[in-house]
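Observations on the model geometry
This is what each chain is made of:
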Amino acid sequence: MLKNKKTWIFLGILLLLLLGFGSYRYYIYVTQDIRAEETAAILKAKQDTSLVKVTEAEKSVWDTICWAIEGLDKENRPIMVWVTMDENGKVKSGEGAVHEELLSNGLSEAQIKEKIQKEIPDLDKMRLLPGTYNGEYAWQLFYRSKDHYYYQFYRFSDGQSIGGPFTLPNR
């Protein structure tokens, strides 16, 4: 009887381990395209700009697809690099595909959040990420106010509103 109990415990533990490993492999499989795209964008940014250390990379999708990569340059100054992608997840080539800007030439995430909270006092939840809007480098804000969700864009260089607010319909 005791041997039979140990066998079931062993099989239960083995099943849990197999389920955990299978879930992990499925996650790797599902996210491999986005990770490959991010890696390609970071490599392009390091090749074409003074970026040497990456601290954060965010994908932005609006009118264009781009990766905004925050990091440090050769002189250890904080910079932001925008890498434009095509519809197939490949880095675009040509002029304007990669753009580098010192963070000191624009508003930091903390500065733009402070500005937004003053402008939209009833702001409930917010997600802020760097991106582009109509060819301008911008901060893309997704937020909830009262019972609606909105998108709003702010110019990276001076924090001025350049698009929106775009209201998402309620269901």
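Residues numbered from 1 in each chain as written. Predicted model: local features only at pLDDT ≥ 70, side-chain atom pairs only at ≥ 80, totals over all residues. Heavy atoms only, no water.

Quick notes on the nonpolar core
- Formed by 17 residues in total, the largest nonpolar core has its most connected members in Met-80, Ile-112, Ile-116, Ile-120, Trp-139, Leu-141 and Tyr-154.
- Among the secondary structure elements, those contributing two or more residues to this core are strand 2 (65–73), strand 3 (78–85), helix 2 (109–119), strand 5 (123–133), strand 6 (136–145) and strand 7 (148–155).
- Here this core takes three residues from strand 6, the largest share from any one element.
- Setting aside its immediate chain neighbours within four residues, Ile-120 contacts Leu-141, Tyr-143 and Tyr-154.
- Counting 13 residues, the second largest nonpolar core, distinct from the first, contains Leu-51, Ile-69, Val-81 and Val-83. (Core = buried A, V, L, I, M, F, W, Y, C linked by side-chain atoms within 4.5 Å. Buried < 20%, exposed > 50% of the residue type's maximum accessible area, 1.4 Å probe, protein only. Helix = DSSP H or I, 4+ residues; strand = E, 2+ residues; numbered from the N terminus. Contact = heavy atoms within 4.5 Å.)

Side note on the pairing of strand 8 (residues 161–168)
- With five bridges joining them, strand 7 and strand 8 adopt antiparallel strand pairing. Note that in strand 8 the partner of Tyr-150 across the bridge is Thr-167.
- With antiparallel pairing between neighbouring strands as the criterion, strand 7 and strand 8 make up a hairpin whose turn holds five residues, including Gly-159 at a positive phi of roughly 80°. (Pairing = 2+ DSSP bridges.)

Overview of the side chain of Ser-50
- Within the secondary structure layout, Ser-50 lies in the loop between helix 1 (2–48) and strand 1 (51–61).
- A distance of 2.3 Å separates polar atoms of two side chains, one belonging to Ser-50 and the other to Glu-100. (Polar contact = N/O pair within 3.5 Å; in protein donor to acceptor, adjacent residues only side chain to side chain.)

Things to note about the packing of aromatic side chains
- Going through the model one piece at a time under the given rule, you end up with 12 aromatic pairs.
- Measuring from centroid to centroid gives 5.0 Å for Trp-62 and Tyr-151, while their planes differ by 55°, and the two rings are tilted. Taken together, the residues span a long stretch of sequence, with Trp-62 in the loop between strand 1 and strand 2 and Tyr-151 in strand 7 at a distance of 89 residues.
- Classification of Trp-62 as partly exposed rests on a relative accessible area of 33%.
- Consider the rings of Phe-142 and Tyr-151, whose centres lie 4.9 Å apart with planes at 45°: the pair is tilted.
- Site record: aromatic cluster; members linked through ring pairs are Trp-62, Tyr-133, Phe-142, Tyr-149, Tyr-151, Phe-153 and Phe-166. (Phe/Tyr/Trp six-rings, centres within 6.5 Å; stacked < 30°, edge-to-face > 60°.)

Here we look at the environment of Lys-74
- Assignment of secondary structure puts Lys-74 in the loop between strand 2 and strand 3.
- Lys-74 sits in the exposed class, given a relative accessible area of 66%.
- Between the C-alpha atom of Lys-74 and that of Lys-115, which follows or precedes it by 41 residues, the distance is 30 Å.

Digging into the sheet that holds strand 2
- Spatial strand order, 1-2-3-4: four strands in an open sheet with antiparallel pairing. The open sheet terminates on both sides in strands that have one partner only, identified here as strand 1 and strand 4 (98–102). Here the strands of the sheet are splayed against their neighbours by 20° on average, with no regard to which way each runs.
- Where strand 3 and strand 4 come together, five bridges link them in antiparallel fashion. Residue pairing for strand 4: Val-83 is matched across the bridge by Val-98. (Axes fitted to C-alpha atoms, helices over the stretch in contact; angles between N-to-C directions.)

Examining the sheet that holds strand 5
- Here four strands make up an open sheet; going across it, the order is 5-6-7-8 and the pairing antiparallel. If you trace the sheet from one side to the other, it starts and ends with strand 5 and strand 8, each paired once. On average, each strand axis in the sheet is tilted by 20° relative to the strand beside it, whichever way the strands run.
- Two elements, strand 5 and strand 6, share nine bridges in a ladder whose sense is antiparallel. Bridge pairing in strand 6 links Met-126 to Tyr-143.
- Against the sheet, helix 2 engages strand 5, strand 6 and strand 7, with an angle of about 130° to strand 5.

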